[in-house]
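# A structural walkthrough
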Amino acid sequence: MAIEKVKEYLRRWDREGDVLEFPVSSATVELAAEAAGVIPARICKTMSFRDGEEGCILLCTAGDARIDNGKFKGCFHTKARMLGPEEVLEFTGHAIGGVCPFAIEHPGVKVYCDLSLQRFSTVFPACGSDNSAIRLTCGELFEYAGALEWVDVCKDWDPALSE
């Protein structure tokens, strides 16, 4: 199972025991927020895009953020085209609903974090299943994900929502 792989991956930071497993689905931002008891904006959604080459871009964003196509193209020099479910599984090892930036083994995957997350002291990314998450600081998310950089490619997020 992908969640076990993620727990093993998080062991290097002694965080495998911090993975939350919910008795209900957390496959969408709204469901994850309800399960974790937080506002939807604090859910870290991980989206998968084509990178214009042979790999993919994994983008971690706040739950209330949407991709700004112009910003995305300006940053990554390619149109924002999401991967299909089979491609997501192939690149990440995680099925839709549990996609996260952890325990990624495919060499063509590049992880980025969007600035929309930085207004929160902690966020909740999934952990490889459709009923899991972990509470992380933005710095921990960036480190554990092996992210390359913080980017500004989203719109419609509320800067007034913060903690």
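This text goes with the structure placed above it.
Residue positions are counted from 1 within each chain, in the order its sequence is given. Selection of residues for local features in this predicted model requires a pLDDT of at least 70, selection of side-chain atom pairs for listing and counting requires 80 or more, and totals for whole chains, interfaces and linings are taken over all residues. No hydrogens and no water enter the side-chain calculation; it runs on all heavy atoms of the structure.

Let us look at the overall build of the protein. Per the convention used, a helix needs a DSSP run of H or I reaching at least four residues, while a strand needs a run of E reaching at least two, with both numbered from the N terminus. Assigned secondary structure in the protein consists of five helices and ten strands. Over its C-alpha trace the protein gives a radius of gyration of 14 Å, about what one expects of a compact globule, namely 15 Å for 163 residues. Summarising its shape, the C-alpha atoms of the protein cover approximately 40 × 35 × 25 Å along the three principal directions. Counting every position in the protein, which comprises 163 residues, the buried fraction comes to 51%. Across the protein, contacts joining residues at least 24 apart in sequence account for 67% of those joining residues at least 6 apart. Only the protein chains shown count as covering a residue, and every accessible area follows the Shrake-Rupley method with a 1.4 Å probe. Accessible surface, the protein: about 7,800 Å² in total, of which carbon and sulfur atoms supply 51%. Of the side-chain charges in the protein, 17 are positive and 26 negative, and the distance between the mean point of each set is 4 Å. With the radius of gyration taken over C-alpha atoms, the globule rule is written as 2.2 Å times the number of residues to the power 0.38. Categorising residues by exposure relies on relative accessible area from a 1.4 Å probe, with only protein chains included: less than 20% of the type maximum marks a residue as buried, more than 50% marks it as exposed, and the intermediate range marks it as partly exposed. Two residues qualify as a contact provided that any one of their heavy atoms is within 4.5 Å of a heavy atom in the partner residue. All tallies of charge rest on Lys and Arg as positive and Asp and Glu as negative; His and the ends of each chain are not included. A single reference atom marks each charge: NZ on Lys, CZ on Arg, CG on Asp, CD on Glu.

We now examine the pairing of strand β3 (residues 56–62). Burial of β3 is extensive: seven of the seven residues sit out of reach of the surface. Paired strands, as defined in this entry, are two strands with at least two bridges between them according to DSSP. As paired strands, strand β2 (residues 43–50) and β3 are joined by seven bridges and run antiparallel to one another. Bridged to S48 within β3 is L58. Hairpin connection of β2 to β3: five residues between the antiparallel strands, including G52 at a positive phi of 85 degrees. The sheet contact formed by β3 and strand β5 (residues 109–114) spans five bridges and is parallel.

On to the pattern of salt bridges. What makes a salt bridge here is a side-chain nitrogen of Lys or Arg within 4 Å of a carboxyl oxygen of Asp or Glu, nothing more. Following the criterion strictly, the structure yields eleven salt bridges and no others. Across the pair D51 and K110 runs a salt bridge, and its minimum N-O distance is 2.5 Å. Of the two residues, D51 is situated in the loop between β2 and β3 and K110 in strand β5; the sequence distance between them amounts to 59 residues. One salt bridge connects D152 with K71, and the closest N-O pair in it is separated by 3.1 Å. One end of the pair, D152, is in the loop between β9 (150–151) and β10 (154–155); the other, K71, is in helix α3 (residues 69–76), and 81 residues separate them in sequence. The exposure class assigned to D152 is partly exposed, which follows from its relative accessible area of 38%.

Counting buried positions along β5 yields five of six residues, so the element is predominantly enclosed. In terms of strand pairing, β5 meets β9 through two bridges, oriented parallel. Across the sheet, the residue bridging to D114 is V151, located in β9.

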